[in-house]
Amino acid sequence: GEYDELCFLRWYAMSAVGGGWMSDYDVVPLKSLVPNDYFTAPEELSEGDMDGNNGIPLPNNGYFTVYSWQVPSLMSGSANEWERLAQALMDLTHQHLDDFYSDMYALMDYDK
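Computed from a prediction, not measured in an experiment: that's the story for all the values here.

Rules used in this analysis
Residues numbered from 1 in each chain as written. Predicted model: local features only at pLDDT ≥ 70, side-chain atom pairs only at ≥ 80, totals over all residues. Heavy atoms only, no water. Helix = DSSP H or I, 4+ residues; strand = E, 2+ residues; numbered from the N terminus. Buried < 20%, exposed > 50% of the residue type's maximum accessible area, 1.4 Å probe, protein only. Polar contact = N/O pair within 3.5 Å; in protein donor to acceptor, adjacent residues only side chain to side chain. Contact = heavy atoms within 4.5 Å. Arc of directions from axis to C-beta. Phe/Tyr/Trp six-rings, centres within 6.5 Å; stacked < 30°, edge-to-face > 60°. Core = buried A, V, L, I, M, F, W, Y, C linked by side-chain atoms within 4.5 Å.

*Asks:* Is there a simple way to think about the side chain of Ser73 in this case?
*Replies:* When you line up the elements, Ser73 lands in the loop between strand 2 (65–66) and strand 3 (74–78). The buried category is assigned to Ser73, whose relative accessible area is 10%. Within the structure, Ser73 has its side chain in polar contact with the side chain of Ser68 (distance 2.8 Å). With sequence-adjacent residues up to four places away left out, Ser73 is seen in contact with Met22, Ser23, Asp24, Val27 and Ser68.

*Asks:* It is not clear to me how helix 3 (residues 103–110) should be interpreted in this structure. Could you clarify?
*Replies:* An α-helical turn contains 3.6 residues, so a residue and the one three or four places further along point in the same direction. Every buried residue of helix 3 is listed here: Asp103, Ala106 and Leu107. Seen along its axis, helix 3 keeps its buried residues to an arc of 100°; they face one direction. Buried residues belonging to helix 3 abut helix 1 (2–16), strand 2 and helix 2 (79–93).

*Asks:* Looking at this model, I keep getting lost on unusual backbone geometry. Mind explaining?
*Replies:* Backbone phi values are negative for most residues with the exception of glycine, while trans is the configuration of most peptide bonds. The backbone of Asn60 shows a phi angle near 60°, a positive value even though the residue is not glycine. The topology assignment puts Asn60 in the loop between strand 1 (19–23) and strand 2. Of note in the backbone geometry, Asn61 takes a positive phi value of approximately 55° without being a glycine. Along the chain, Asn61 turns up in the loop between strand 1 and strand 2. Owing to a relative accessible area of 64%, Asn61 belongs among the exposed residues under this scheme.

*Asks:* Sorry, what's going on with the packing of aromatic side chains here?
*Replies:* The description of an aromatic ring pair rests on the distance of the ring centres and on the angle between the ring planes. Taken as a whole and judged by the stated rule, the model has five aromatic pairs. Each ring, one from Trp11 and one from Phe64, has its centre 5.4 Å from the other, and the planes form 25°; the classification is stacked. Placement of Trp11 in helix 1 and of Phe64 in the loop between strand 1 and strand 2 is noted, with a sequence separation of 53 residues between them. With respect to burial, Trp11 and Phe64 carry one shared label: buried. Summarising the aromatic geometry, the rings of Phe100 and Tyr105 are spaced 5.9 Å apart at their centres and angled 90° between planes, so their arrangement reads as edge-to-face. Chaining the aromatic ring pairs together yields one cluster made of Trp11, Phe64 and Trp82.

*Asks:* Looking at this structure, how should I read the environment of Met90?
*Replies:* Residue placement: Met90 occurs in helix 2. Linking Met90 and Ala106, residues 16 residues apart in sequence, is a C-alpha distance of 8.0 Å. For Met90, the residues in contact, after removing those within four places along its chain, are Phe8 and Tyr12.

*Asks:* Please explain the nonpolar core as it appears in this structure.
*Replies:* Most often, soluble globular proteins have nonpolar side chains that are buried together. Core analysis: the biggest nonpolar cluster contains 14 residues, and Trp11, Phe64, Met75, Trp82 and Leu89 have the highest contact counts within it. The set of elements that each furnish at least two residues to this core consists of helix 1, helix 2 and helix 3. Residue contributions to this core peak at five residues, all from helix 2. Beyond its immediate chain neighbours, meaning those up to four positions away, Met75 contacts Trp11, Gly20, Trp21, Met22, Phe64, Thr65, Val66, Tyr67 and Trp82.

Encoded structure:
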């Protein structure tokens, strides 16, 4: 349905805005997900590494990260990582054109 189509499109939207954090509207992290030195940018990072996150380096060097195992409700990554995952999940949908298949199911299949 339309809702599930929009769930897939949000992956591309995150790439288009330069990456960063994405959460479902009903997700509120109750503890810090980043180390204490998170706001101290390592010298080896370039400005491009911090795009999409207001100049603050993303956790895990911008590699795509899902914070609630296999449920795409809180995620972070660079623009390139969002694009990579978006394309990988879309590729998986072609195997499920005749049945219900959400971005959550695609993420679980991608993790196999």
